[in-house]
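# Examination of the molecular architecture
Each chain, letter by letter, is given below.
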Amino acid sequence: QVQLVESGGGLVQPGGSLRLSCVASGFTFSLFVMNWYCQAPGKERELVATIFSTGDHTNFADSVKGRFAISRDNAKNAVYLQMNNLKPEDTAVYYCNAVRVYGFGRKDDYWGQGTQVTVSS
């Protein structure tokens, strides 16, 4: 049974930090690209950060570059999102996503249940 379980969300003041964690099970974690998405109320889900399977390449949304970092530990089947200098506009539900593309339109695409991040004074 595939599971992605996020944790680490909460309420933080502007300028503060949070570290989100996502622990995976039920699939070969080290073969998957891992993403963090966020979805604010009334908005579409958007990609925040990506880390490739070996951890040697990452991508970030322009809005979080220089503030967020993504990392993974394949031995622990875990991916992390370090969020620094948080802003009120970062308030959203953050989702962990695992993707593996096989070609010919086939892919495995798994999602966690989300963790709420609220940035407010």
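Residues numbered from 1 in each chain as written. Predicted model: local features only at pLDDT ≥ 70, side-chain atom pairs only at ≥ 80, totals over all residues. Heavy atoms only, no water.

Now for the overall build of the chain. For the chain, the count of helices and strands is 0 helices and 11 strands. Going from N to C terminus, the chain has its helices and strands arranged as β-β-β-β-β-β-β-β-β-β-β. Against the globule reference of 14 Å for 121 residues, the chain gives a C-alpha radius of gyration of 14 Å, in line with a compact fold. Along the three orthogonal principal directions, the C-alpha set of the chain runs to about 45 × 30 × 25 Å. (Helix = DSSP H or I, 4+ residues; strand = E, 2+ residues; numbered from the N terminus. Rg over C-alpha atoms; globule rule 2.2 N^0.38 Å.)

Scanning the entire structure with this criterion turns up 3 salt bridges. In this structure, the salt-bridge partner of D62 is K65, at a minimum N-O distance of 3.1 Å. Residue classification places D62 among the exposed residues on the basis of a relative accessible area of 65%. (Salt bridge = Lys/Arg side-chain N within 4 Å of Asp/Glu carboxyl O. Buried < 20%, exposed > 50% of the residue type's maximum accessible area, 1.4 Å probe, protein only.)

By the element assignment, D90 lies in the loop between β8 (78-83) and β9 (92-103). In contact with D90, not counting residues within four places along its chain, are R67, F68, N85, V117 and V119. (Contact = heavy atoms within 4.5 Å.)

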